[in-house]
Amino acid sequence: MQKDSLSLSDAEIVRQILDGDVNAFEFILTRYKVQVLKIVKKHVPNEAAEETIQEAFVRAYESLPTFKGTGDFSQWLSSIAVRTCYDHWRKAYRSREVPLSALTERHAQWMEQLISQRSEESFDELGSQREAREILSWALGKLSAENRMVLELVYLEGLSVQEAAELLGWSKANVKVRSFRARMKLEKLLRTVKEQGRRA
Amino acid sequence: MMRSRISENESLKKAFRDAYAAKESEKTGDGWQSAVMKRIRRIGPLTPASNFLPAFEHFVWRLAPVSCLLVLVLTLLFVNMELDVDSDYLGTMAAEMERPTLVELFGLEG
């Protein structure tokens, strides 16, 4: 009798797929769709999310023969998802399809107000996340694909250098250097916004 | 005095992190799942990864110390040969060039 898909381990499902059972990949898809979807939605714009998640799962399928059954499958899949997002941005920057939104005085004022607040609770009183999201999107759009990914993982998600390095497949030294440079660039961009607010 | 970093301001950092995390809850369609399976069925069953490259890599690494040793020995041998490279080379060149050049240019035979 065939075992229930829920009771099968990742390694067992991978073995089935490698033995030629293509449909067994649906178990992987069901098990990990939420995890991969979360990663992809955070890193790429919503309109590109569906295409990127498809790409991530197809890449995972094609890479299954290289998966060493001893490792953590979830981590392995997350790494593929992150690298697919990175490739999305590399392609977008190469073809100059990165949307560059413009900031207004409103953003500068919002930032100025937020920075001058003493307590964290006051942030909620300042209203929506819209300004934060728009400033962030504007600043990230001005960074390279590498700086963008490392900033998202380390600065925005709070991952350690080691974790980010594993997900991106880079060395720890590379992540450290990139992270530092990306933060410096972000700082410079935020200062521009602040200066604009003062001038206005 | 050192300026404080805007990007390290706790309130702003929290605002950015919250805005970034909120992207997770954006809605996407469901069609992608069937599209993934369609693409995968089109690719078909996978062939197991070839073991050639890892085996070759292992072989290369095993040979690396031997290669280094060989390079070192050859370098030492070359240094100890005490060849007068400049004079030998120029002498050979002069002898080689003289005859054919005169014959070709002036038709002179010794």
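So, how was this worked out
Residues numbered from 1 in each chain as written. Chains lettered and ligands numbered in written order. Predicted model: local features only at pLDDT ≥ 70, side-chain atom pairs only at ≥ 80, totals over all residues. Heavy atoms only, no water. Helix = DSSP H or I, 4+ residues; strand = E, 2+ residues; numbered from the N terminus. Buried < 20%, exposed > 50% of the residue type's maximum accessible area, 1.4 Å probe, protein only. Contact = heavy atoms within 4.5 Å. Buried area = accessible area lost by both parts, 1.4 Å probe. Salt bridge = Lys/Arg side-chain N within 4 Å of Asp/Glu carboxyl O. Polar contact = N/O pair within 3.5 Å; in protein donor to acceptor, adjacent residues only side chain to side chain. Nonpolar A, V, L, I, M, F, W, Y, C, P; charged D, E, K, R; others polar. Core = buried A, V, L, I, M, F, W, Y, C linked by side-chain atoms within 4.5 Å. Expected span 1.5 Å × (residues − 1).

**Some remarks on the overall build of chain B**
From N to C terminus, chain B includes 4 helices and 0 strands. Taken from N to C terminus, the helices and strands of chain B fall in the order α-α-α-α. Expressed as a percentage of its 110 residues, the buried residues of chain B come to 17%.

**Notes on the interface of chain B and chain A**
Interface extent is often summarised as the accessible area lost during association of the parts. In this complex, chain B contributes 41 residues to the contact, which on the side of chain A involves 54 residues. Taking both partners together, chain B and chain A bury about 4,700 Å²; carbon and sulfur atoms supply 63% of that area. Remark: the boundary between chain B and chain A carries 5 salt bridges. With a closest N to O distance of 3.6 Å, arginine 41 of chain B and glutamate 26 of chain A form a salt bridge. Counting across the chain B and chain A interface gives 18 residue pairs in polar contact (both at pLDDT 80 or more). Those elements giving two or more residues to the side of chain B that touches chain A turn out to be helix H1 (10–22) and helix H2 (31–43) of chain B. Looking at the side of chain B that touches chain A, the element that brings in the most residues is H1 of chain B, giving 12 residues. Grouping the amino acids of the side of chain B that touches chain A by side-chain chemistry returns 17 nonpolar, 10 polar and 14 charged.

**Considerations on the nonpolar core**
Grouped together as the largest cluster of nonpolar side chains are 78 residues, with contacts concentrated most on Phe25 and Leu64 of chain A. When neighbours within four sequence positions are excluded, phenylalanine 25 of chain A is seen to be in contact with Ile17, Phe57, Tyr61 and Leu64 of chain A together with Val36, Met37 and Ile40 of chain B.

**Some words on helix H7 (residues 130–141) of chain A**
Taking 1.5 Å per residue as the helical rise, H7 of chain A with its 12 residues ought to reach 16 Å, and the 16 Å between its terminal C-alpha atoms agrees with that figure. When we look at burial in H7 of chain A, the residues that qualify are Glu131, Ala132, Ile135, Leu136, Trp138, Ala139, Leu140 and Gly141 of chain A.

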